[in-house]
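Residues per chain, in single letters:
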Amino acid sequence: MMGKEQAMANALDDPARMAVLIDTLQGLLNEDAASTAGTVNGVGSARVAVVSIHTGARSWTASLARRGEAAIRPSPDVRGLVYSLTKSMMAAAVLRLAARGVVDLDGPAEVWLPELADRPNSVTVARILEHRAGLPDYGGRRDYHAAVAAGHAPWSEAEFLARCGVVGPPIGAFAYSNIGYLLIRRLLTRAGGAPFDEVLRQEVFAPLGLTSASVVERAKDLDGLLFGPSSVFGESPVAERYHPGWVAHGVAAMTAQDAARFVHGLSTPDYLPDSLSRRMRAGLPVNAPMGGRPWVEPSYGLGLMVELDPQVGSSWGHTGGGPGITPVAYHFPGPQPLSVAVFTDGEDAALAEWMAVEAAQRLR
């Protein structure tokens, strides 16, 4: 294994090869700018990107700016909100507790979540992690989007639950649910016996060496993070209008390098037992449209988005989305495994995902 990791590390040390990769990624960034030229002031389109590649033996990070935007190229060490990539971290923390016998993935979730006790049918913890527990979401609610755009203070956990409830689509059907992960946050604090940020530090950040990572809970903690203009707030800076509490399950911030290191670490036997690592990435088809994005057979495991198509090759990780930044982080297994994270300051998931896929294909 070390020989294969070293071979990939050598590729990252090849100046000619990396120059071609940078030119390719730069082209994707410029192409995105051209495709969004008709939008109002280009708000929501990406101006910059930070790309990080991790092989286990070596990390490489580059900062890019689209044509004409060199003055705003960020530091490669800039941190950004990772939005729904936080779900993968939460799932990893649950699996760590399961490995120690604290949480039963296949037992009734009501053991830790009495909020679900009055539902007509019991669900397991695993069902919640894979978005198949019949729970609702707030992503399509007008009152949610109106409150965020107006810059209001975020709803409390109790208000999210009161407005959305805990009964949604049929159990077993894939239905993406931020409310489900709000409940997972509660499970983590109860089973982990500590505040949410401390549980993630103990179970994810510290074991995997994610030194830049933290849970962001206050508006003032957004200062210095990577943001571009948002379609939600127009020309107003995101950090002045947004509150991280609008991510009901909580949200982490970190560098792209640590995001890549995180998804790479999920496959290491000293972090998760092999049986749990395999289960985490054993996705079921989501049967959802993914137009324009690099997904052929999209599926979802335990807190992970998973590509099942054998022709394009498997990968797993997560895409995040929210005001002013799109983070993605994916692991590409194989003879020379590597992980790629891309942070763009736009709100186009397809661009960030294609950049990650392109980087992996160019290096393998």
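Preceding block: the structure.
What this report covers is the structure whose coordinates are included nearby. (Residues numbered from 1 in each chain as written. Predicted model: local features only at pLDDT ≥ 70, side-chain atom pairs only at ≥ 80, totals over all residues. Heavy atoms only, no water.)

Points about the sheet that holds strand E5 (residues 251-255)
Going by this rule: Should DSSP find at least two bridges between two strands, the strands are regarded as paired. Going along the chain from the N terminus, every DSSP run of H or I of four or more residues is numbered as a helix, and every run of E of two or more is numbered as a strand. Helix axes are fitted only over the stretch in contact, all axes being lines through C-alpha atoms; the angle between N-to-C directions runs from 0 to 180 degrees.
Read from one edge to the other, the open sheet built from three strands follows the order E3-E5-E4, with strand pairing classed as antiparallel. Only two strands of the sheet have a single partner each, and these edge strands are strand E3 (79-81) and strand E4 (214-216). Strand after strand, the sheet turns through a mean of 35 degrees between neighbouring axes, direction not considered.

Let's talk about the nonpolar core
We apply this condition: Residues belong to one nonpolar core when they are buried, are Ala, Val, Leu, Ile, Met, Phe, Trp, Tyr or Cys, and are joined through side-chain atoms within 4.5 Å. Each residue is placed in one exposure class: buried if its accessible area under a 1.4 Å probe, protein chains only, is under 20% of its type's maximum, exposed if it is over 50%, and partly exposed if it falls in between. Pairs of residues are marked as contacts when any of their non-hydrogen atoms sit within 4.5 Å.
With 121 residues, the main nonpolar core has Leu-81, Leu-105, Val-204, Phe-205, Tyr-242, Phe-262 and Val-340 as its most contacted residues. When residues in this core are grouped by element, the largest group, ten residues, is from helix H3 (residues 85-99). Setting aside residues no more than four positions away along its own chain, Tyr-242 makes contact with Leu-81, Tyr-83, Val-148, Ala-219, Leu-222, Phe-233, Val-247 and Pro-323.

Quick word on the environment of Gln-336
With respect to the element layout, Gln-336 can be found in the loop between strand E10 (326-332) and strand E11 (338-344). Take Gln-336: its relative accessible area is 28%, and that puts it in the partly exposed class. Expressed as a C-alpha distance, the spacing of Gln-336 and Leu-363, which sit 27 residues apart in the sequence, is 9.2 Å.

Points about the layout of surface pockets
To keep it simple, the criterion reads: In this analysis a 1.4 Å probe is tested at points of a 1 Å grid over the protein atoms alone, and where it fits but cannot get out there is a cavity; an open set with protein on both sides within 12 Å along at least five of seven lines is a pocket; lining residues have an atom within 4 Å of a point. Grid points are joined across faces, edges and corners, and a volume is the space filled by probe spheres set on the points. For this classification, the nonpolar set comprises Ala, Val, Leu, Ile, Met, Phe, Trp, Tyr, Cys and Pro, the charged set comprises Asp, Glu, Lys and Arg, and every other residue, Gly included, is treated as polar.
By volume, the largest pocket is sized at about 920 Å³. Lining the largest pocket are 37 residues, and of these Ser-84, Tyr-176, Gly-320, Gly-321 and Gly-322 lie nearest its centre. Where the lining of the largest pocket is concerned, the elements lending two or more residues are helix H5 (142-149), strand E7 (298-300) and strand E9 (315-319). Partitioned by chemical class, the residues of the lining of the largest pocket number 19 nonpolar, 13 polar and five charged.

Considering the packing of aromatic side chains
So the rule is basically this: Any two of the Phe, Tyr and Trp rings considered here, Trp counted by its six-membered ring, make a pair once their centres fall within 6.5 Å; the pair's planes then place it as stacked at under 30 degrees, edge-to-face at over 60, or tilted in between.
If you walk through the whole model with that rule in mind, you get 13 aromatic pairs. For the ring pair Tyr-144 and Phe-160, a centre distance of 6.5 Å and an interplane angle of 50 degrees mean the geometry is tilted. Here the residue Tyr-144 occupies a position in helix H5, and Phe-160 occupies one in helix H6 (residues 157-164), the gap between them amounting to 16 residues. Given the relative accessible area of 1%, Phe-160 is considered buried. Their ring planes at 65 degrees and their centres at 5.1 Å tell us that Trp-155 and Phe-160 sit as a pair that is edge-to-face. Take Trp-155 and Phe-160: they sit in the same class, and that class is buried. One aromatic cluster in this structure is built from Tyr-138, Tyr-144, Trp-155, Phe-160 and Trp-246.

Regarding the pattern of salt bridges
Inclusion rule: By salt bridge we mean one thing: a side-chain nitrogen of Lys or Arg within 4 Å of a carboxyl oxygen of Asp or Glu.
Taken as a whole, this structure holds 21 salt bridges when the rule is applied. A salt bridge links Arg-163 to Glu-159; its shortest N-O distance comes to 2.9 Å. One end of the pair, Arg-163, and the other, Glu-159, are both in helix H6, four residues apart, so they sit about a helical turn from each other. Residue classification places Glu-159 among the partly exposed positions, given a relative accessible area of 31%. In this structure, the salt-bridge partner of Arg-261 is Asp-258, at a minimum N-O distance of 2.5 Å.

Overview of the environment of Ala-239
Mapped onto the fold, Ala-239 is located in helix H9 (residues 238-241). Classification of Ala-239 by relative accessible area gives partly exposed; the value is 25%. Along the chain, Ala-239 and Phe-227 lie twelve residues apart, while their C-alpha atoms are 7.6 Å from each other.

A closer look at the pairing of E11
Counting buried residues along E11, seven of its seven residues qualify, which places the element largely inside the surrounding structure. Judged by which residues are buried, E11 turns out to be covered on both faces: Leu-338, Val-340, Val-342 and Thr-344 on one side and Ser-339, Ala-341 and Phe-343 on the other are all buried. Bridge count for strand E1 (residues 48-54) against E11 is six bridges, and the pairing is antiparallel. Among the inter-strand pairings, Val-51 is bridged to a residue of E11, identified as Val-342. In this structure, E10 lies alongside E11, joined through seven bridges in antiparallel fashion. Each residue of the ladder has a partner; that of Thr-326, found in E11, is Thr-344. Counting the residues between successive antiparallel strands, the hairpin from E10 to E11 contains five residues, one of them, Gly-334, with a positive phi of roughly 140 degrees.

Let's talk about the packing of H3 against helix H8 (residues 196-205)
Here is the rule we go by: Oblique is the label for any angle not covered by the other classes, which are roughly parallel (under 35 degrees), roughly antiparallel (over 145) and roughly perpendicular (65 to 115).
As a packed pair, H3 and H8 sit with axes 9 Å apart at the nearest point and diverge in direction by 75 degrees. For the element pair H3 / H8, the angle class is roughly perpendicular. Residues Met-89, Met-90, Ala-92, Ala-93, Arg-96 and Leu-97 of H3 lie in contact with H8, whose contacting residues are Phe-196, Leu-200, Gln-202, Glu-203, Val-204 and Phe-205. Residues that form the contact of H3 with H8 fall into these classes: nine nonpolar, one polar and two charged.

Regarding H5
What counts, and what does not: Within this analysis, the arc is defined by the directions that extend from the helix axis to the C-beta atoms.
Those residues of H5 lying buried are Tyr-144, Ala-147 and Val-148. Looking down the long axis of H5, one finds its buried residues gathered within 100 degrees of arc, a one-sided arrangement. Residues of H5 that are buried make contact with H6. Gly-151, located one to two residues past H5, shows a positive phi value of around 75 degrees.

Observations concerning unusual backbone geometry
One non-glycine residue, His-131, adopts positive backbone phi at about 60 degrees. Examined against the element boundaries, His-131 turns out to sit in the loop between helix H4 (125-129) and H5. Within the chain, Asn-287 stands out as a residue other than glycine whose phi angle is a positive 50 degrees. By secondary structure assignment, the location of Asn-287 is in the loop between strand E6 (284-285) and E7.

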